[in-house]
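Observations on chain architecture
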Amino acid sequence: MPESKLDLLQGTLDLMVLQTLAAMGPLHGYGIARRIERVSDDVILLNQGTIYASLVRLLQRGWLSAEWGVSDNNRKAKFYSITKRGRKQLAQDAAYWQRLSSVMGRVLALREEGGH
Amino acid sequence: MIDSLRHALNRVRAFLGKQPIDQDLEAEIHSHLGFAIEENLQRGMSADEARRQALARFGGVEQAKEEHRETRGLPLLDILLQDLRYTLRALRRDRVFTAVAVLILALGIGANVTVFSVVNTLLLRPLPFRDPQRLVWLAANQGKGGLSAVTYTVDAFEEFQRHNHSFQDVTSYQTFFNSIQYKLTGYGEPQPVFGVQVAGNFFPMLGVQPALGRLFSREECQKGGRPVALLSYPFWQRQFGANPAIVGHAITLNDQTVTIVGVVPNTFDFGSIFSPGLKVDFYVPAIMDFWRTWGNTLALVGRLKPGVTLAQAQAESNILFPQIKAAHPEWYENYLATMTDLKGYVSGKLRRSLIVLWCAVGLILLIVCLNLSNLLLARAAARSKEFALRRALGAGRGRIIRQLLTESLILSGIGGVLGLCFAFSVTLYLAHQGSIALPLLSSVRVDGSALAWTVLIAVFAAVLFGVVPAFKISGGNLQQALKDSGHGMSQGKTHEGLRAALVISEVGLACVLLIGAGLLLRSFLRVLDVDLGFQPSRAAAIKVDYDDGGKPARRGAILQEILRRVSAIPGIESAGIADMLPLDRNRSWGFQAKGKVYGKGELQGTLVYVVTPGYLGAMGMHLREGRDFSWHDTADSQRVVIINQAAARYHWPREDTVGRISLVGDRETRVIGVISDVRESSVEDASSPEMYLPMTQADPEGADLVVRTRLRPEALQSSVMGTLRAMNPGQPATEFRPIQQIVDHAVSPRRFFVLLVMIFAALGLILASLGIYGVISYSVTRQTQEIGIRMALGATQGRVQLGVIGKTLRLVLIGIAAGLAASIAVAKLIASLLFKTAPTDLITFLGTIVLLGLVAVFAGYIPARRASRIDPMNALRGN
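The text that follows walks through the structure, step by step, so that each part is easy to find. (Residues numbered from 1 in each chain as written. Chains lettered and ligands numbered in written order. Predicted model: local features only at pLDDT ≥ 70, side-chain atom pairs only at ≥ 80, totals over all residues. Heavy atoms only, no water.)

Concerning the overall build of chain B
Helix and strand content of chain B: 28 helices and 24 strands. For a compact globule of 879 residues, the expected C-alpha radius of gyration is about 29 Å, and chain B comes in at 38 Å, more than 25% above that figure. Considering chain B as a whole, with its 879 residues, one finds that 50% of them fall into the buried category. Of the roughly 39,800 Å² that chain B leaves accessible, carbon and sulfur atoms contribute 60%. Charged side chains in chain B number 90 positive and 70 negative. The centres of these two groups are separated by 7 Å. (Helix = DSSP H or I, 4+ residues; strand = E, 2+ residues; numbered from the N terminus. Rg over C-alpha atoms; globule rule 2.2 N^0.38 Å. Buried < 20%, exposed > 50% of the residue type's maximum accessible area, 1.4 Å probe, protein only. Areas by Shrake-Rupley, 256 points an atom, 1.4 Å probe, with all protein chains shown as cover. Lys, Arg positive; Asp, Glu negative; His and termini not counted. Charge placed at Lys NZ, Arg CZ, Asp CG, Glu CD.)

Written out as structure tokens, the structure is:
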């Protein structure tokens, strides 16, 4: 039975984008989308178009910068890179996320134990 | 914090610069799909399949764009802009409706802003002085009686100034400024100029700083000090071309060299505060040692110490004045002061009139809103299909209400801007009406608070007239609306009921306005009808300058010669000279019947006029008993006096008066005549006791030559002036002042209010008739088919017309009934503004009913006529 794809929680896409750019350096929109899909082993249900709303939001907050350039295969594209303030924000958000997920993990584990 | 600010700024920027961002996104999506297709091709898909897959993974290009826009920009503003564009298009399409609506709104809002500006200036805005709320007006004799009664002597002023503890400072000015005539020489012909004498601390205490130069120094206010003057701003501009170098120069006033030390700023207008309608050219120091022996001449204004209340000051002065009086046995009175805050003194009497005006104009706004509601409803009925369609296509109810309110706001916004222009020109006009004796009128203008008021009432009006139609339209049955808004079809009864209710309210409000205006108009006519005790028409006065060297005997000869020569001018019926004219200015002296014992406080000052023989005749005053003065009444003969009926009644209630001996001051004087009462200080108040003394026996304060003519007085101006110049080359070039003008000035505040209220009432009537016409006309259109059927079945034209007019009258009568009930209450509220008119004045009420009825019949007749011309065949086929 094929596993159904995961819906994204609100706000998590922004974090993924920041992390991807921090890890991979400047990327264009398609690159970011593919990278996230690949890392998640294609279990995340991503309408690639939604990445652009996330990108513009992060841009407006000053966490990303963008620049038109030319890709390896000679195609014009807009390249995004993470700013200093973006890294700061990423550190904050990642820490928060890790704390949250570890708490979530513990809470869920607790329930399983209780079930036995 | 800074992040969110940056975010907000970026969103606004994105909102404003939509197009380039959209293009950028377009390019980005294009390249995104390019990458995807390329990758898919490399995986071995066909070109079509590669493209399809790429688009599927992308997930809807338009959604992505929309999401992008919403994220980056301001979606609410976007919707607003959309609404605005839509509204403007709709309004442009419906030009007549837009024009009518905007015009009505402009009138309503303009009238409101104008009245607000007047009310704001006269009632709300503080006086243009430093800490004006601490300024207090002090009036002796409980503020009752002539100028002499309410003013103070120099001694009383100085004693109070010295001993009180409530006031930081007390200042004064010389109230008999009308009596001191100045003429300016050295600039062409000698010309009369108007000066006011003020105490040395007058300007500093009020907090008025000179626009140029300096204020008076202490020495200049002492006896023997160098004569100096401060110019008023308008006079400085008019006479000296606003030349700043004039400060320090000398001018010649009454043959005396006077140095100009400064210019008073334009914001200080003595006349508009202390003597409405008066134009002051310059100010000179009041030399207290000079005025010390002149009796009551000073008006007092005090500045309270911080923290002291008016009541505390009043309480202190109630104790202080009797104490001062006890120390001065030579004083005639104790000068007990009645205190009012200066603002209250200046405009307190007008408060009620202004509030009435404000309410009237508020009613106008209400009527305007009702009218527009009606117009919008009618328009909405025609557009109901459009709205139903929009709703069927998915527009929410809120979205449609928002759209309709945007329309209302735009209409009232345009109306507000136009109204503001209207108000601006009217206030400008009012501010230059010197002939209206209202205080502060010259400073009426549309200011910041008036702008705020405009915005407030424009929004208020928009919501008021827009909200009912908006809810009405957006609600209702969709299917019904789509189905039945065809031509000639009947719509729901409720729609019509609502419109009828609006018209009924409109008529009711117009009725209240008309009755209020009618009562005020009747009062005004009654005021014009008052027997003044003199005949203002065809009489005119001119100030006369003569040099008698201070000798009464010589004065008699000069005046007699002036009158002889002036009377000889063809066209002049009679001429006489008086020092003061009725309704202009006055002073009072002691007067009593010799031998009579008066109770304490029974003796009030009696107004005194010093006149020549012939003056009573020239003014058209009526000598009831005895004789006029003659040139044989000289300084050496028996002293004589003529009194008015009020004085005769007061001093000799049940006896003949002529021939009695009276005491004028302390000199025995024989009463030789009694004249009918003269309205001396106000047209509306009963006459006070008056006495007239011959110029050959008493000292006049100035001289006004009064001539009664057969021709228009202006026609004789040059010959009279020529005669006066021939006798005295120094005679200033003054103009004839028609006596009627003095009377007009006295009744100008009432005229002003009546005129405004009448205009508002007329406006209300027009709007109400428009409303009636609109509703009836609309219902006729709607019933075209029905009427057609009835006519096909044999109804006559007359019968159809009667039906429509009857329907109109039914609406109007309900409105009138409601309006009458409200009017009776309103009339009671304005009773104190009425003059010899009952609040339930039958003629006014009947007149209003008839007028409204006639207007209604007329407004209903036009659609009725149209109804009766309906061709049954056309009407039936029309659908």
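Thoughts on the overall build of chain A
Counting secondary structure elements, chain A contains four helices and three strands. The helix and strand sequence of chain A, counted from the amino end, reads α-β-α-α-β-β-α. Split into buried and exposed, the 116 residues of chain A put 38% on the buried side. At a minimum sequence separation of 6, the contacts of chain A that also span at least 24 residues come to 50%. For chain A, the exposed surface amounts to about 7,400 Å²; the carbon and sulfur share of it is 54%. (Contact = heavy atoms within 4.5 Å.)

A short note on the pairing of strand β2 (residues 64–70) of chain A
Within a regular beta strand, the side chains point alternately toward one face of the sheet and then the other, so they alternate between its two faces. In the sheet, β2(A) pairs with strand β3 (residues 76–82) of chain A via seven bridges, with the strands oriented antiparallel. Each bridged residue has a counterpart across the sheet, and for A:Val70 the counterpart in β3(A) is A:Lys76. (Pairing = 2+ DSSP bridges.)

Thoughts on a nonpolar patch on the surface
Together, A:Tyr96, A:Trp97, A:Leu100, A:Met104 and A:Leu108 give the surface a local cluster of nonpolar side chains, amounting to about 500 Å² of exposed area. Looking at where A:Met104 falls in the secondary structure, it is placed in helix α4 (residues 84–115). (Patch = residues over 30% accessible without salt bridge, like charges linked within 9 Å, V, L, I, M, F, W, Y side chains within 5 Å. Salt bridge = Lys/Arg side-chain N within 4 Å of Asp/Glu carboxyl O.)

Some points on the sheet that holds β3(A)
All names here are of chain A. Here three strands make up an open sheet; going across it, the order is β1-β3-β2 and the pairing antiparallel. One side of each edge strand has no neighbouring strand; the edge strands of this open sheet are β1 (27–28) and β2. Bridge count for β1 against β3 is two bridges, and the pairing is antiparallel. What sits directly across from Leu27, in β3, is Tyr80.

Some words on empty space enclosed by the protein
Unoccupied space between atoms shows up once a probe the size of one water molecule is rolled over them. Residues and elements named next belong to chain B. On inspection of all chains with the given rule, the structure shows three cavities of 30 Å³ or more. By volume, the largest cavity amounts to about 80 Å³. Forming the boundary of the largest cavity are Leu376, Arg379, Ala380, Arg383, Phe387, Leu404, Glu407, Ser408, Gly466, Pro469, Ala470 and Ile473. By residue class, the composition of the lining of the largest cavity is seven nonpolar, two polar and three charged. (1 Å grid on protein atoms, 1.4 Å probe; cavity = no way out; pocket = protein on both sides within 12 Å on 5 of 7 lines; lining within 4 Å. Points joined across faces, edges and corners; volume = space filled by probe spheres on them. Nonpolar A, V, L, I, M, F, W, Y, C, P; charged D, E, K, R; others polar.)

Let's talk about the packing of aromatic side chains
The description of two aromatic rings rests on the distance between their centres and on the angle between their planes. Tallied over the entire structure, the rule returns 37 aromatic pairs over all chains. Ring centres of B:Tyr187 and B:Phe240 lie 5.4 Å apart, and the angle between their planes is 85°; on these two criteria the pair is classed as edge-to-face. Here B:Phe240 lies in helix α10 (residues 233–240) and B:Tyr187 lies in the loop between β3 (182–185) and β4 (191–193), a separation of 53 residues in the sequence. You can call B:Phe240 buried: its relative accessible area is 9%. An aromatic cluster of three or more residues is present, and its members are B:Phe129, B:Trp137, B:Tyr173, B:Phe202, B:Phe203, B:Phe216, B:Phe268, B:Phe270, B:Phe274, B:Tyr283 and B:Tyr345. If you follow A:Arg75 out to its NZ or CZ, it ends over the ring of B:Phe35, 5.9 Å from the centre. Positioned over the ring face of A:Trp68 is A:Lys76, at 5.2 Å from the centre of the ring. (Phe/Tyr/Trp six-rings, centres within 6.5 Å; stacked < 30°, edge-to-face > 60°. Lys NZ or Arg CZ within 6 Å of the ring centre and 35° of its normal.)

Details of the interface of chain B and chain A
With 27 residues of chain B in contact, the opposing surface of chain A contributes 30 residues. Together chain B and chain A conceal approximately 2,500 Å² of surface at their shared face, both sides included; 49% is due to carbon and sulfur atoms. On the chain B side of the contact with chain A, B:Glu28, B:Phe35 and B:Arg57 bury the most area, a combined 27% of that side's loss. Run the count over chain B and chain A and you get four salt bridges. Residue B:Glu38 is joined to A:Arg75 by a salt bridge in which the shortest nitrogen-to-oxygen separation is 2.7 Å. Remark: the boundary between chain B and chain A carries 13 residue pairs in polar contact (both at pLDDT 80 or more). The set of elements that each furnish at least two residues to the side of chain B that touches chain A consists of α1 (2–16), α2 (18–42), α3 (47–58) and α4 (61–72) of chain B. (Buried area = accessible area lost by both parts, 1.4 Å probe. Polar contact = N/O pair within 3.5 Å; in protein donor to acceptor, adjacent residues only side chain to side chain.)

A closer look at a positive patch on the surface
A cluster of basic residues, B:Arg85, B:Arg89, B:Arg92, B:Arg93 and B:Arg95, forms a positive patch on the protein surface. With respect to the helices and strands, B:Arg85 occurs in helix α5 (residues 75–93).

Quick notes on the state of the cysteines
Put plainly, a disulfide is one covalent bond tying together the sulfur atoms of two cysteines. Residues and elements named next belong to chain B. One pass over the full model with this rule turns up zero disulfides over all chains. Unpaired in terms of disulfides, Cys359 finds its nearest cysteine sulfur in Cys369, a separation of 16 Å. Overall, Cys359 belongs to the partly exposed group, its relative accessible area being 48%. (Disulfide = S-S within 2.5 Å.)

Here we look at the pattern of salt bridges
In the structure shown here, the tally under the stated rule is 42 salt bridges over all chains. A salt bridge links A:Arg57 to A:Asp14; its shortest N-O distance comes to 3.1 Å. Highlighted residues: A:Arg57 in helix α3 (residues 50–60) and A:Asp14 in helix α1 (residues 12–24), separated in sequence by 43 residues. Between B:Glu49 and B:Arg52 there is a salt bridge, with its nearest N and O atoms 3.3 Å apart. Residue B:Glu49 and its partner B:Arg52 are located together in helix α3, separated by three residues, close to a single helical turn. The exposure class of B:Arg52 is partly exposed, given its relative accessible area of 49%. A network of salt bridges, in which partner residues are shared, links A:Arg34, A:Glu37, B:Glu39, B:Arg43 and B:Arg57.

Brief notes about helix α27 (residues 842–868) of chain B
The end-to-end C-alpha distance of α27(B), which contains 27 residues, comes to 37 Å, matching closely the 39 Å that a straight helix rising 1.5 Å per residue would cover. Of all bends in α27(B), the biggest is about 30°, found at B:Tyr861, and the proline B:Pro863 comes one to four residues later. (Expected span 1.5 Å × (residues − 1). Bend = angle between axes of the 7 residues up to and from the residue.)

Digging into the environment of B:Arg130
All names here are of chain B. Take Arg130: it is sitting in the loop between α6 (95–124) and β1 (135–140). Taking C-alpha positions, Arg130 is 6.2 Å from Leu206, a pair spaced 76 residues apart along the chain. Those residues in contact with Arg130 that sit more than four places away from it in its chain are Pro204, Met205, Leu206, Gly207 and Arg303. Polar contacts involving the side chain of Arg130 include one to the main-chain carbonyl oxygen of Pro204, which spans 3.1 Å.

A short note on the nonpolar core
Residue and element names in this part refer to chain B. Counting 165 residues, the largest nonpolar core has Phe203, Phe268, Phe270, Tyr283, Tyr615 and Tyr692 as the members making the most contacts within it. When residues in this core are grouped by element, the largest group, 19 residues, is from helix α24 (residues 739–782). In this structure, Phe203 is in contact with Val198, Val208, Leu215, Phe216, Leu230, Val264, Phe268 and Tyr283, ignoring residues within four places of it in sequence. Residues Ala156, Val170, Ala229 and Val284 belong to the second largest nonpolar core, which totals 42 residues. (Core = buried A, V, L, I, M, F, W, Y, C linked by side-chain atoms within 4.5 Å.)

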